[in-house]
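Okay, here's what each chain looks like letter by letter:
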Amino acid sequence: MSADEDIRHACALLRAGQLVAMPTETVYGLGANARDDAAVARIYALKGRPPGHPLIVHLADVAQLAAWAVEVPDAARRLAMRFWPGPLTLILPRAPGVSDAVTGGQDTVGVRVPSHPVAQRLLRAFGDGIAAPSANRYGRVSPTTAAHVREEFGAQTPFLLEGGDCEVGLESTIVSLVGEPLLVRPGGIPQADLEAITGPLRRAAAGEGPRAPGTTVAHYAPTTALKLVTCDLLASPVPADVAVLARRPAPAGFGGKLWLDAGTDPARYAHDLYASLRRLDRVGAGSILVEAVPEDPAWDAIRDRLARAAAACAAEELA
Ligand code: TXA
Ligand code: MG
C-alpha cells in the first residue's frame, strides 16, 4: 500500500499538470487534475485515445458533486447516497466551468466517488476532481494490478500508486440521469439494486446517447483473437493452439496451450477476468476460446465485456 509520502508526491505531480496512475476498486485509473486541460490532454496522448471521448471525474465525496454537476435529480442523489463510495458512475448535466476536455464537449459530466482506500486518500489530499480513464492503451484490457499498468506503458508509466488487486475487477456501472434514466454500462452493481431507486432502467443501445469508448461495441480486447463458444464445443477435442477460459476444470487429455478455470462465482470471475485474459494472451495461442457465461443478471457486466472483446477481435479479422 502507498505511504503518506507517495500520496503527497502524487498530489504535487497532479498540481504540476502531470499524470498519476492510481488504484480504484474497479480497475487502475490514469489520473490528471480535471481542472487542467493540458494535463487531461496528456491522458489522451498516453492512452492513444481518440479525442472527443468523455472522462470520469473522481471525487472524494458526495459534497464535491455540486462543483461538477447542476440539477442533481432526486434519483441521482439517492443513488449516490446508497452506492458511494463505490463502483457507480453517474452522468449528470455539467456545472458551468467544467471543461470540454473532460466532457468530450458534451453538456454532461460523468462523476464517481471510488471506495479504494488509496484513491480515497489521494482524492482527499488533492481536494478536487481527478479525471481518470482506465490505465490501459486505447481499446485494450483494463489493468487490475499495478503490474498490469507497467505492462501497458513500460518506461512511459507515470508515477504509480500501489494498491494491490482491484476488488471488483470490472469498470464501474454507469447510469445516465440526463432525461430518461439509462444504464450506459453494466458493472459491479446489480441492475435490480439500481432500479429499486430509479425505476425501470433501459439499457442504452450501441451508439445511443453520449459517445463513449467503453460503450463502443468493440473494446476491452486482448491481442489474440477471442471467440465465445458453448461448453459442448469445449467438451470435444480442441486444436493444440488454443487457450481456454472456462467455468470448470480442463477435461482429461486437454491438448491446448492453457486452460484457466475461472469458476462459477460471478464476483470471483469478474475479479479475475482481466488478469486471466492477459495470461491467456501471453501463451502464444492462435485463439482464445471463452466458454459463454450464463444469461443470469449476475453475469451481465461479464457478458458485456466478453461480447465487446469478441467483437473487437472479429472487427480486426475483417480489417
Ligand atoms: O471503473 C471505472 O469507471 C474506471 C475507473 C478508473 O474509475 N474508469 C473507466 O474510465 O472505466 P473509461 O474512460 O475507461 O470509461 C469512461 C466511460 C466512458 O466510456 C463513458 O461511457 C462514460 O464513462 N462517461 C464519462 N463521462 C461521460 C459523459 N459526460 N457522458 C457520457 N458518458 C460518459
Ligand atoms: Mg477503459
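Residues numbered from 1 in each chain as written. Chains lettered and ligands numbered in written order. Predicted model: local features only at pLDDT ≥ 70, side-chain atom pairs only at ≥ 80, totals over all residues. Heavy atoms only, no water.

A description of the nonpolar core should follow, citing residues and the corresponding values.
If you look at soluble globular proteins, the nonpolar side chains tend to sit buried side by side. Among the nonpolar cores identified, the biggest contains 47 residues, and Leu79, Leu88, Leu90, Val111, Val175 and Leu194 are the most heavily contacted of them. Counting residues per element, the ones that place at least two in this core are strand E2 (29–33), helix H2 (37–47), helix H3 (74–83), strand E4 (88–93), strand E5 (108–112), helix H6 (146–153) and helix H7 (191–198). Dropping the residues within four chain positions of it, Leu194 is found in contact with Leu79, Phe83, Leu88, Thr173, Val175, Leu183, Ile189 and Leu201. By size, the runner-up hydrophobic cluster in this structure holds 26 residues, among which are Val27, Val141, Leu245 and Trp299. (Core = buried A, V, L, I, M, F, W, Y, C linked by side-chain atoms within 4.5 Å. Buried < 20%, exposed > 50% of the residue type's maximum accessible area, 1.4 Å probe, protein only. Helix = DSSP H or I, 4+ residues; strand = E, 2+ residues; numbered from the N terminus. Contact = heavy atoms within 4.5 Å.)

Which residues make up the sheet that holds strand E9 (residues 182–185), and what values do they have?
Strand order in the open sheet formed by 10 strands is E7-E1-E2-E6-E3-E5-E4-E8-E9-E10, and the pairing between neighbours is mixed. A single partner strand is all that each edge strand has here, and the edge strands are strand E7 (159–160) and strand E10 (202–203). As paired elements, E2 and strand E6 (residues 130–131) share two bridges and run antiparallel to each other. Bridge pairing in E6 links Asn33 to Ile130. (Pairing = 2+ DSSP bridges.)

Describe in detail the packing of H3 against H7, supporting the description with residues and values.
The contact between H3 and H7 brings their axes to 9 Å, and the two run at 135°. As far as their axial angle goes, H7 and H3 are oblique. Crossing handedness for the pair H3 and H7: right-handed. Residues Ala75, Arg78, Leu79, Arg82 and Phe83 of H3 lie in contact with H7, whose contacting residues are Asp193, Leu194, Ile197 and Thr198. Residue classes in the contact of H3 with H7 are distributed as five nonpolar, one polar and three charged. (Axes fitted to C-alpha atoms, helices over the stretch in contact; angles between N-to-C directions. Parallel < 35°, antiparallel > 145°, perpendicular 65-115°, else oblique. Left-handed = near helix turned anticlockwise from the far one by under 90°. Nonpolar A, V, L, I, M, F, W, Y, C, P; charged D, E, K, R; others polar.)

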